[in-house]
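Understanding the architecture of this molecule
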Amino acid sequence: MKKMLFLSLAFSVLFALVSCDSGNTGDFRISLKLPTDNGVCQGFEYDEDMEEDYTYCINRTDQVLLSIYSKSEINEDYVYADRKLIRVDSNKNGKEEFTRSLKKGTFYRFFVEVTNANEKLKMTGGVDGIYYDDSKNYSVDIFLSAVGDFTRVVRDRTNPDGTALESYIDTDGAKGSAAATLKNGDVFMAGGYLFDYEEISQKAMIFDMAKLSSKEVKKLPMPLMDFVASFVDDGTEKGKVVVGLGRTGDGTTVSQLWYYDPEKDVYNLLPDMGVAVEKAKAITIDGAAYIVGGCDSNGNGTTGVYKVSFANGVPSVEPFANLKVGRCNHALADISDVEIDENGVKTVTPKFVVVGGSIDSKNEGAETPVTGENFIEIVSADKVEPLSFSSRNGGDDSNLMKTGIIAPSATAITMDDREESEIVIAVAGGYLRDGDTEEEYNWVANPSLVVFSRNSGATKKNYKKDEVDTGDDDPADTGDDDPADTGDVEPADTGDDDPADTGDTGDTEPTDTGDTGDTEPADTGDSDPADTGDTGETPAPASSTAWVYDVNSSPKSCARPSMAVLGSEEKSTFKYAAVNCGTSKLERDKRSISNQVIYVLQIKRVKDSDLGVEVFSSSVKDTLMEGNVDGESDARMADGPIVSNGLGQVYALGGKYVYLVGSYAIP
Amino acid sequence: MKVFTKLLVTLLVICIVFPAYSQEEPQPQAGVNLKVGENFYFEGNINDSANDDKEESMAEIQKTPFYKSTWFITTCAIIVVAGAAVGIYFGTRTEEPNGKTVEWDNK
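Residues numbered from 1 in each chain as written. Chains lettered and ligands numbered in written order. Predicted model: local features only at pLDDT ≥ 70, side-chain atom pairs only at ≥ 80, totals over all residues.

Focus: the overall build of chain B
How we decide: Helix and strand definitions follow DSSP, with helices as H or I runs of at least four residues and strands as E runs of at least two, each counted in order from the N terminus. Buried means a residue has 20 or more other C-beta atoms within 10 Å of its own C-beta, exposed means 12 or fewer, and partly exposed covers the counts in between; C-beta atoms are placed from the backbone.
On a plain count of helices and strands, chain B comes out with 3 helices and 1 strand. Order of helices (α) and strands (β) in chain B, N terminus to C terminus: α-α-α-β. For chain B, the proportion of its 107 residues judged to be buried stands at 15%.

Have a look at this one:
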């Protein structure tokens, strides 16, 4: 009897255990999370005019397109696998099977696009680096943000304050923090001076974008601000983050570099660069991090460029190049040469530009900007040279070489709308000296949006001063009379040609800057960098320079911005970059902090009617966020990092919350 | 549901472990040993059980361990049946898994 009882019990336990595990059948649930809508979506009513804005909704007239990409090895590129178009038939919710099977042992990337009744793209989102094993069940969140616009990342739109993705930074924000995106799409952020606690932070955090959660990870080896954080690919699932340099808690500059291992949650010391610097910049190209410049403990700019990379799991730090001018407070943009052979093997030759900055590190307003021909330098493995540039008329109408720009943001954008792709460099924000003489000047936030492009000879011949003063032929002219004129920089004019235009032309133009009177850069005299007017001298022939620049007025003043490329549609005539503006004031103290301003730059070719050539226009895109700030948030900041991921999405950081800028497409 | 199943498993484990690994304690020597040929006297009324130390001692000797008690066996039997039912239900059900789904809620 006892044995029978024992056997019965044993079988029962076995059955129960089997039943416990019976649910793990490789289910994969993707939950789409939407931005806060203030209840608008519940009251959806379709009409032709669409007076209400339903951008943040998935409604009955919408379509959801889920694209699936996969790769079997972590170091391969993703390839298209499948897609599912879902027609939405309910205003409340929806559920649909998107595929019958996913392949075991495969990495997946999911990208979601929501289009409205007019087939205008209105929201996108995605998740990266999901390793699928059919013996588990998966539940993945994908947060959708408005395309070409930003929204605060929340897990539950009905409770934005309670479920927002929050950083370790409090309401008053920070300055000098740094961030990097990991290979699986997670975002690492650390350090910075926290105004709420009046100290340099040692905290580090990882934002899990597949779970829409954040967690504090191992603290930095020491408190750091104005330091570098850059992704390095070591062949592992998440990769590593190089962190270091900068300024620590006692005010001294730091020479150490570490790499953070997200798998083990540890920092490992890298070989010493031999120089302690702050305000250096770092950029990741083809899996290696390049650390550029920085100002040393005496406040002098340094010229060193170092490459940090992994080979067979072993890290190395090696000198890569030397700048011609030592600097800090500069910006970097990747203009690498990429070649793909007939077998699909990609070869990247690292090359980047170093834009502006200061030759010293002093209190704001006391720095000396980098000027002259070395305002921009091109750095590659075999040489460093100044980037030779001019304005369209062959001179330097905006006086960029004269005034320089301190703390600008820059990024390289590939214009692929023509048979041959072309790289342009967008520059925004920063601050500069505005005045006629060395003695009399004011420091102002850079009022211009500048696009550098390779000189194709598209310049005006026989350029004369009289013709410039007529206005319309001036690339920097913000006049409204000719929409085809490159001078027309109406940032809010995104019109019907904007692929992200959701058809709503109602009250959603809070940033209509058609009247750019206050920010008109061309009315501040000759020394105004955006003034392309009376230069008082005959310009040199443009053909003598390798690059030319076009200037538009910026409706936003950003003294310390950061910029990242936003994923844009292939072959589109519009390309985009997102800017984390930061404060408009030069100072970085608590009195100067402001709301977190985020905007999207739209870069496009336009025909200059007077020059008779195509030039590049840069303008600030319209936003649903009034004043380009999150009106529901009381969080502020001085400056913050911005990062992009493999899906072309951009995350703006540096404040209490995390903001997602929705991309148009996967790059 | 899984919480319930786990609770069931825990109870089943208890039902197995206790009877299987509990050892009966050695019975203490008790009672009255009589030798052959020895006279035995009993004083008092044989039907009077009050204040009878010997009867109390015998009750102690015959006390049943809890895992042999009716209530324990009954409980275990119920758990066995319930556990088997739950196990058979979940182990053999043919309900389709949730599959690969995408879902959203507009609220």
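Some words on the overall build of chain A
Scanning chain A from N- to C-terminus turns up 4 helices and 48 strands. Per-residue burial over chain A gives 53% buried out of 667 residues.

Describing the environment of A:Val308
Residues and elements named next belong to chain A. Applicable threshold: We call two residues in contact when their backbone-placed C-beta atoms lie within 7 Å.
Topologically, Val 308 is positioned in strand E25 (residues 302-311). The exposure class assigned to Val 308 is buried, which follows from the 26 C-beta atoms found within 10 Å. Sequence separation between Val 308 and Pro 271 is 37 residues, and the spatial gap between their C-alpha atoms is 9.7 Å. Filtering out sequence-adjacent residues up to four positions away, Val 308 remains in contact with Val 232, Val 242, Leu 270, Ala 288, Ala 289, Ile 291, Pro 315 and Val 317.

A closer look at the confidence of the model for chain B
Residue and element names in this part refer to chain B. Spelled out, the test is: Here pLDDT means the predictor's own confidence in every residue, given as a number from 0 to 100.
Residue-level pLDDT values for chain B average 67, and 37% of them are 70 or greater. Strand E1 (residues 100-105) holds the highest mean pLDDT among the elements of chain B, 92, whereas helix H2 (residues 53-61) holds the lowest, 56. The ipTM for the predicted assembly is 0.78, set against a pTM of 0.78.

Regarding the sheet that holds strand E2 (residues 63-71) of chain A
Heads up, the condition is: In short, DSSP must find at least two bridges between two strands for them to pair.
Spatially, the 5 strands line up as an open sheet ordered E3-E2-E5-E6-E8 (chain A), and their pairing is antiparallel. In this open sheet, the two strands that pair with only one neighbour each are strand E3 (79-87) and strand E8 (145-146) of chain A.

Focus on the sheet that holds strand E11 (residues 178-181) of chain A
Residues and elements named next belong to chain A. Short version of the rule: Where helices are involved, their axes are fitted lines through C-alpha atoms of the stretch in contact, as for all axes, and angles between N-to-C directions lie from 0 to 180°.
Strand order in the open sheet formed by 4 strands is E11-E12-E15-E16, with antiparallel pairing between adjacent strands. Of all strands in the sheet, those with a lone pairing partner are E11 and strand E16 (213-217), marking the two edges. Shown here is a sheet whose adjacent strand axes are inclined to one another by a mean of 20°, direction ignored. One ladder, built from 5 bridges, connects strand E15 (residues 204-208) with E16; its direction is antiparallel. The partner of Asp 208 across the bridge, within E16, is Ser 213.

Some remarks on the pairing of strand E29 (residues 346-349) of chain A
Every regular strand shows the same layout, with side chains that alternate between the two sheet faces. All names here are of chain A. Pairing between strand E28 (residues 337-340) and E29: 4 bridges, direction antiparallel. Looking at E29, one finds that Glu 339 is bridged to Thr 347. Counted between consecutive antiparallel strands, the loop separating E28 from E29 contains 5 residues, among which Gly 344 sits at a positive phi close to 85°.

A word on the pairing of strand E30 (residues 351-355) of chain A
Residue and element names in this part refer to chain A. The buried fraction of E30 is high, at 4 of 5 residues. For strand E27 (residues 331-334) and E30, the ladder comprises 4 bridges, and the chain directions are antiparallel. Bridge pairing in E30 links Leu 332 to Val 354. Strand direction decides the pairing type here: E30 and strand E31 (residues 376-380), joined by 5 bridges, are antiparallel. Bridge pairing in E31 links Lys 351 to Ser 380.

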